[in-house]
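A structural walkthrough
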Amino acid sequence: METVIDVRSSGRPEIFERANTDGLFGRTRRLQQPLGQYLRGTETPRYLAYNDRSGVVAARGNNESLTPAGDYRAYLLATNIRVVFVVGDDNGDRAISLPHEDIVAVHCTSGLRTSTLEIVTVDEDRWAFECKGDLAPVRTFIDEATQVWTRTLTELDRAESQVEAATAALEAANPDAAATHITAAQEALDSGRERVESLGEGATATIDTRLQSTQAQIDTSQRRRHVRAAEEHRDAARYAWEDLAYERAADAYAQASIEYDRALAVTAPEPSVEAITDARDAVEAEYAELLSAPVDAAQAAAGAARAATDPAARATHWEAALDRYRTAYELDWGRDRRFDGDRASLRQALADIAVALVDAHREAGRQELREASDESKREAPGIACEDAAAHFERAREVAAELVPDRREPSADELAAVSEQGVSAESASKGR
């Protein structure tokens, strides 16, 4: 067997399956157990090298040599996740595992007939392996694999850091900032996963637990972000509803529902599916109530006007009803979303309310005139006249705008206002 083997191109030698062999001059002992027993799961070997005497030299303050006993051998096995030294001995093989993530440097020196590979770890340990072959390709592979692992773990660290930042942003009620951090976390995780996958089968499995954990954290942050955004849209919808901004409220409720659906589309342990579903159903219920709110509010104001006995109070309620019906009438009825009611009936209601409003103002104006002429209420006749004039003027404005065919206050009523005003002014001067 060659002293340095590219396993990927040459295939696995017999030592992976059989530790010892029988030859012409007796049984050859190499290891206590086959080299394949030292592989983990789907770990993929790339290079294999061996020596018969020098073994592995470790420098940790004092030099320590692990040399093979008798006719056993020392092996260097470079895989996609680590470097393994296995040294045969009658008392059992001795194995040293150096994960690529713990390697900080790898050097190769060549002599006349041999080459030596030296590996330096994060703990500043140095492991030297010598053999009669060219270890330069092995050094290149280990160096490249080490860089891949280093960059992979750096990306995972970055992903976890971004998740922490996203969590802080959510706690600070800043879902937009959280979204930025979540995106950065997912990009870092994907980059790390792609890098480690480049090392081949088995490499990903080595850090699969961490990959899954980080992905779960990202997904949880993502679900929480969508829920938080939904809650903000729901709050905005309620505020808009209070301001009678029905279109804006409906849009906000629609966005809240979308965000809840997005949250449910993310697989994460929390918030729970039940909690999100309940919140979404509540939003849908409020949204359904909102669709009838414009007409309901208008009808309630009209009902209050009909129930009022005082003409001035009735006029005030009819003004509110007119405003509510106008708001409902001016909704965007051309969208797919439909508020309750229809424009034709609302238009008719506006006309009817305008008539009732004109009548209420005129009646209130006449009542003010009567109070101005009442001897028992002569304390402020001028104010009564002003109020009467205001009622008649408002009746005229509404009639001119909405029901032009409705008669305006008669000339004698306006004259009465003027006459009462003159009378009140004279009385004031007489006192």
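So, here's what we can say about the structure. (Residues numbered from 1 in each chain as written. Predicted model: local features only at pLDDT ≥ 70, side-chain atom pairs only at ≥ 80, totals over all residues. Heavy atoms only, no water.)

1. Digging into the overall build of the chain
Helix and strand counts for the chain come out as 11 helices and 12 strands. Counting the 431 residues in the chain, one finds 43% classified as buried. Of the contacts made within the chain by residues no fewer than 6 positions apart, 62% connect residues no fewer than 24 positions apart. (Helix = DSSP H or I, 4+ residues; strand = E, 2+ residues; numbered from the N terminus. Buried < 20%, exposed > 50% of the residue type's maximum accessible area, 1.4 Å probe, protein only. Contact = heavy atoms within 4.5 Å.)

2. Let's talk about the sheet that holds strand S4 (residues 45-51)
Taken in spatial order, the five strands make up an open sheet running S1-S4-S7-S8-S9, and their pairing is antiparallel. Each end of this open sheet is capped by a strand with a single partner; those strands are strand S1 (4-6) and strand S9 (94-99). Each neighbouring strand pair of the sheet contributes to a mean axis angle of 15°, computed without reference to strand direction. Sheet topology note: the S4/strand S7 (residues 74-79) ladder contains six bridges and is antiparallel. Among the inter-strand pairings, asparagine 51 is bridged to a residue of S7, identified as alanine 74. Contacting S1, S4, S7 and strand S8 (82-87), helix H2 (residues 136-171) crosses the sheet at an angle of about 45° to S7. (Pairing = 2+ DSSP bridges. Axes fitted to C-alpha atoms, helices over the stretch in contact; angles between N-to-C directions.)

3. Describing the environment of valine 86
The residue valine 86 is located in strand S8 in this model. A residue is classified by how much of its surface remains accessible, and valine 86, at 1% relative accessible area, is buried. Between the C-alpha atom of valine 86 and that of arginine 73, which follows or precedes it by 13 residues, the distance is 8.3 Å. Apart from residues no more than four positions distant in its own chain, valine 86 is found in contact with Leu31, Leu35, Tyr38, Arg73, Ala74, Tyr75, Asp93, Arg94 and Ala95.

4. Some details on the pairing of strand S10 (residues 103-110)
The side chains of a regular strand alternate, first on one face of the sheet and then on the other. Two strands pair when backbone bridges link them, and S10 and strand S11 (residues 115-121) are joined in this way by seven bridges, in the antiparallel orientation. Bridging from a neighbouring strand, histidine 107 pairs with glutamate 118 of S11. Two successive antiparallel strands, S10 and S11, enclose a turn made up of four residues.

5. Quick notes on helix H7 (residues 273-307)
For H7, which comprises 35 residues, the first-to-last C-alpha distance of 48 Å matches the rise-based estimate of 51 Å (1.5 Å per residue) to within 8%. For H7, the principal kink sits at alanine 293 and spans about 45°; a proline, proline 294, occurs within the next four residues. (Expected span 1.5 Å × (residues − 1). Bend = angle between axes of the 7 residues up to and from the residue.)

6. Section: the pattern of salt bridges
Applying the stated criterion across every chain yields a total of 22 salt bridges. Two residues, arginine 324 and aspartate 323, come together in a salt bridge whose shortest N-O distance is 3.3 Å. Arginine 324 gets classed as partly exposed once you look at its relative accessible area, which sits at 26%. On the basis of relative accessible area, aspartate 323 is assigned to the partly exposed category, the value being 39%. Salt bridges here are not isolated pairs; linked through shared partners, they connect Glu14, Arg18 and Arg30. (Salt bridge = Lys/Arg side-chain N within 4 Å of Asp/Glu carboxyl O.)

7. Structural notes on the nonpolar core
Judged by nonpolar contacts, the single largest core of 44 residues is most densely connected at Leu76, Phe85, Ile119, Val138 and Ile142. The leading source of residues in this core is H2, at 11 residues. Per-domain counts for this core show at least three residues from each of domain 1 (4-133) and domain 2 (147-271). Apart from the residues within four sequence positions on either side, phenylalanine 85 is in contact with Val56, Tyr75, Leu76, Arg94, Ala95, Ile96, Leu98, Ile119, Trp127 and Phe129. With 25 residues, the next largest nonpolar core counts Val295, Ala302, Ala328 and Ala395 among its residues. (Core = buried A, V, L, I, M, F, W, Y, C linked by side-chain atoms within 4.5 Å. Domains from an automatic or database assignment.)

8. What about the pairing of S7?
A large share of S7 lies buried, amounting to six of its six residues. Where burial is concerned, the two faces of S7 agree: the one with Ala74, Leu76 and Ala78 and the one with Tyr75, Leu77 and Thr79 are both buried. Two elements, S7 and S8, share five bridges in a ladder whose sense is antiparallel. Residue pairing for S8: leucine 77 is matched across the bridge by valine 84. Connecting the antiparallel pair S7 and S8 is a turn made up of two residues.

9. Some words on the packing of H7 against helix H8 (residues 311-329)
Orientation of H7 relative to H8, taken along the N-to-C sense of each, is 165°, at an axis distance of 8 Å. Taken together, the axes of H7 and H8 lie roughly antiparallel to each other. For the element pair H7 and H8, the recorded crossing hand is left-handed. Together, Pro294, Ala297, Ala298, Gln299, Ala301, Ala302, Ala304, Ala305 and Arg306 of H7 and Arg314, His317, Trp318, Ala320, Ala321, Arg324, Tyr325 and Ala328 of H8 make up the contact between the two elements. (Parallel < 35°, antiparallel > 145°, perpendicular 65-115°, else oblique. Left-handed = near helix turned anticlockwise from the far one by under 90°.)

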